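Listed below, chain by chain, are the residues.
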Amino acid sequence: MLEVLVLQQETGLIRPAALDSQDIDADGLMVVPLFETIPDLERAPEIMSAWLDLPEIQRRVAGAQNGVQEVMLGYSDSNKDGGYLTSNWSLYCAERLLAQAFLERGVKLRLFHGRGGSVARGGGSSFDAIMAQPPGTVNGQIRLTEQGEVIQGKYKNAEVGRWHLENIVAATLESSVVPGDSAAAVEDSNMARFGAALNYMSEVAQRCYRELVYGSAGFTDYFFASTPILEIAGLNIGSRPAARKADQSIENLRAIPWGFSWAQCRVMLTGWYGVGSAMRSYIDDGGTAGLATAESRLQELREMVKCWPFFRTLLSNMEQVLAKTDLGIGRKYAGLVPDSDLRDRIFGKIEEEFELTRSMFTLVTGHDLLAHDDILRAALSQRFAYIDPLNHLQVELLRRHREAGEPTAYADGESGIQRAIHMTINGVAAGLRNSG
């Protein structure tokens, strides 16, 4: 972060001021760090505290930045790193500690949420997401990104675009006008009652997720064969290459095509995998974090849904993903994996966790998927009539494309099959609406 200021100084964007001078140059750009992976999020409060304690930074924030320091939080890599539950919980804890550090130093915090279209990357209802932020992290201002097919869905029509903007403004205002002391007291109560349970479930969920993605032999081969990731990488539909290095590994794959690929094959594990095991383990065991009995721990989770906007929103977003997941179609994509033993072993794990997550959702919330959302349930039913055939068509096109041994990208344009695959990718993404 300091190196960025040095670069600005060396290129003339800011002029060096004497250390004992209060004459702060208003030129230059604010240095905004991005914290995204799980380890980075854990260290964010410590890093920002050290930054704000530097005398030179204190003067610059107070002068040129009008007392405001912006911090960007990324959703994509934290999800790819630790899974859905751990990503959301790490972001929430980082926000709370950042707000506390900034409050102690008298600096106004402006959070910049690098959200994507998919639930795994912070998507879902913007209103609910803002209202679920920890107290003290909004305070009249918030920044967020809109990406992918979400832009067309929300802002292509002027009237619909204004409605979405009004929603964001309304949530920001409503979140900001709640008395700080009252909101902080409720938040402290929720953390005292439920924080240990979330810590426990986050550890279980991350362990379950990483055991599948990074600890299962052959998982990389399964992923590259059972999803259209190679075809997505070869199509001109992204702002950056699909991978950071030219090798076939999960570690070097960018988070956006990672989640997008799982959505295309209707498995969508980035938005739910590990949550079922986490809730089941907490109810059955709970460790030192839980109450005395399994029944009391189940009632605790149900109370969390009622009382804690963070947990309620987390499960509500996951509910949408579970409703859009179709493992019958996912099994068709798994059929693209040539190794039958690998296919059965990996898909079996995914199927088992999906059934557990769905049953645990019903047990904790007390209702089936989308039971309280007739409008979305009807809309999905209508859309699936068009999306499902596209998925089946895409599977067949992928099979033919790969059997023909065609390259994934052409210097002189697309082949017929490649163009057809491209069209199915666009169609499935548009139908699911929050897949990218």
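Residues numbered from 1 in each chain as written. Predicted model: local features only at pLDDT ≥ 70, side-chain atom pairs only at ≥ 80, totals over all residues. Heavy atoms only, no water.

The next thing to look at is the packing of helix α2 (residues 38-52) against helix α5 (residues 84-105). Where α2 contacts α5, the axes come no closer than 8 Å and their chain directions differ by 10°. Taken together, the axes of α2 and α5 are roughly parallel relative to one another. When α2 is examined against α5, the residues I38, L41, A44, P45, M48, S49 and L52 are found in contact with a partner set consisting of T86, S87, S90, L91, A94, L97, L98, A101, F102 and R105. (Axes fitted to C-alpha atoms, helices over the stretch in contact; angles between N-to-C directions. Helix = DSSP H or I, 4+ residues; strand = E, 2+ residues; numbered from the N terminus. Parallel < 35°, antiparallel > 145°, perpendicular 65-115°, else oblique. Contact = heavy atoms within 4.5 Å.)

Here strand β2 (residues 68-74) lies mainly inside the structure; 6 of its 7 residues are buried. Sheet topology note: the strand β1 (residues 34-35)/β2 ladder contains 2 bridges and is parallel. Along β2, the bridge assignment pairs L34 with M72. Of the strand pairs in this sheet, β2 and strand β3 (residues 108-114) are connected by 7 bridges, and their pairing is parallel. Across the sheet, the residue bridging to V68 is K108, located in β3. (Buried < 20%, exposed > 50% of the residue type's maximum accessible area, 1.4 Å probe, protein only. Pairing = 2+ DSSP bridges.)

Now for the environment of Y282. Within the secondary structure, Y282 is located in helix α13 (residues 275-284). Look at Y282 and you get buried, because its relative accessible area is 0%. Spatially, the C-alpha atom of Y282 lies 7.2 Å from that of Y200, the residues being 82 residues apart in sequence.

Further remarks concern empty space enclosed by the protein. The method is simple in principle: a probe with the dimensions of a water molecule rolls over the atoms, and the space it marks as empty is what remains. For the structure on display, the rule yields 4 cavities of 30 Å³ or more. Considered as a void within the structure, the largest cavity measures approximately 290 Å³ in volume. Lining of the largest cavity is provided by 22 residues; of these, Y75, N88, A129, Q133 and T313 occupy positions nearest its centre. Among the elements of the structure, α5, α6 (126-131) and α15 (309-324) are those that each provide at least two residues to the lining of the largest cavity. With 5 residues, α5 is the single largest residue contributor to the lining of the largest cavity. Residues that form the lining of the largest cavity fall into these classes: 13 nonpolar, 7 polar and 2 charged. (1 Å grid on protein atoms, 1.4 Å probe; cavity = no way out; pocket = protein on both sides within 12 Å on 5 of 7 lines; lining within 4 Å. Points joined across faces, edges and corners; volume = space filled by probe spheres on them. Nonpolar A, V, L, I, M, F, W, Y, C, P; charged D, E, K, R; others polar.)

This paragraph deals with the side chain of R115. Its place among the elements puts R115 in the loop between β3 and α6. Only 3.3 Å separates the side chain of R115 from the side chain of S126, close enough to count as a polar contact. (Polar contact = N/O pair within 3.5 Å; in protein donor to acceptor, adjacent residues only side chain to side chain.)

Our next topic: the nonpolar core. Core analysis: the biggest nonpolar cluster contains 81 residues, and M201, W262, W272, W308 and I350 have the highest contact counts within it. In terms of residues, this core owes the most to one element, helix α9 (residues 180-213), which gives 12 residues. The contacts of I350, once residues within four sequence positions are left out, are L212, Y222, W262, V267, L269, W272, Y273 and L327. Counting 22 residues, the second largest nonpolar core, distinct from the first, contains W51, V61, L91 and A99. (Core = buried A, V, L, I, M, F, W, Y, C linked by side-chain atoms within 4.5 Å.)

A few words now on the sheet that holds β3. Spatial strand order, β1-β2-β3-β4: 4 strands in an open sheet with parallel pairing. Of all the strands in the sheet, just β1 and β4 (143-144) have a single pairing partner and so form its edges.

Considered as a void within the structure, the largest pocket measures approximately 1,300 Å³ in volume. If you go around the largest pocket, you meet 46 residues; those closest to its centre are G124, S125, Q320, D373 and L376. Counting residues per element, the lining of the largest pocket draws most heavily on α15, which supplies 9 residues. Tallied by class, the residues present in the lining of the largest pocket amount to 16 nonpolar, 19 polar and 11 charged.

Right, let's talk about the pattern of salt bridges for a bit. Applying the stated criterion across every chain yields a total of 19 salt bridges. Residue D53 is joined to R105 by a salt bridge in which the shortest nitrogen-to-oxygen separation is 2.8 Å. Placement of the pair is D53 in the loop between α2 and α3 (55-62) and R105 in helix α5, with a sequence separation of 52 residues. By relative accessible area, D53 is classed as partly exposed at 41%. D284 serves as the salt-bridge partner of R280, at 3.1 Å between the closest nitrogen and oxygen. Separated by 4 residues within a single helix, R280 and D284 lie in helix α13, roughly one turn from each other. Linked by salt bridges that have partners in common, D53, E104 and R105 make up one network. (Salt bridge = Lys/Arg side-chain N within 4 Å of Asp/Glu carboxyl O.)

Taken as a whole, helix α16 (residues 327-334) has its buried residues at L327, I329, G330, Y333 and A334. The buried residues of α16 occupy one face: seen down the axis, they fall within an arc of 155°. Where α16 is buried, its residues contact α10 (219-226), α12 (255-264), α17 (340-365) and α18 (374-403). (Arc of directions from axis to C-beta.)

Our next topic: unusual backbone geometry. Within the chain, N66 stands out as a residue other than glycine whose phi angle is a positive 55°. Along the chain, the position of N66 falls in the loop between α3 and β2. According to the relative accessible area criterion, N66 is exposed, its value standing at 67%. Residue L370 is not a glycine yet carries a positive backbone phi of 60°. Mapped onto the secondary structure, L370 falls in the loop between α17 and α18. In this structure L370 comes out as buried when scored by relative accessible area, which is 5%.

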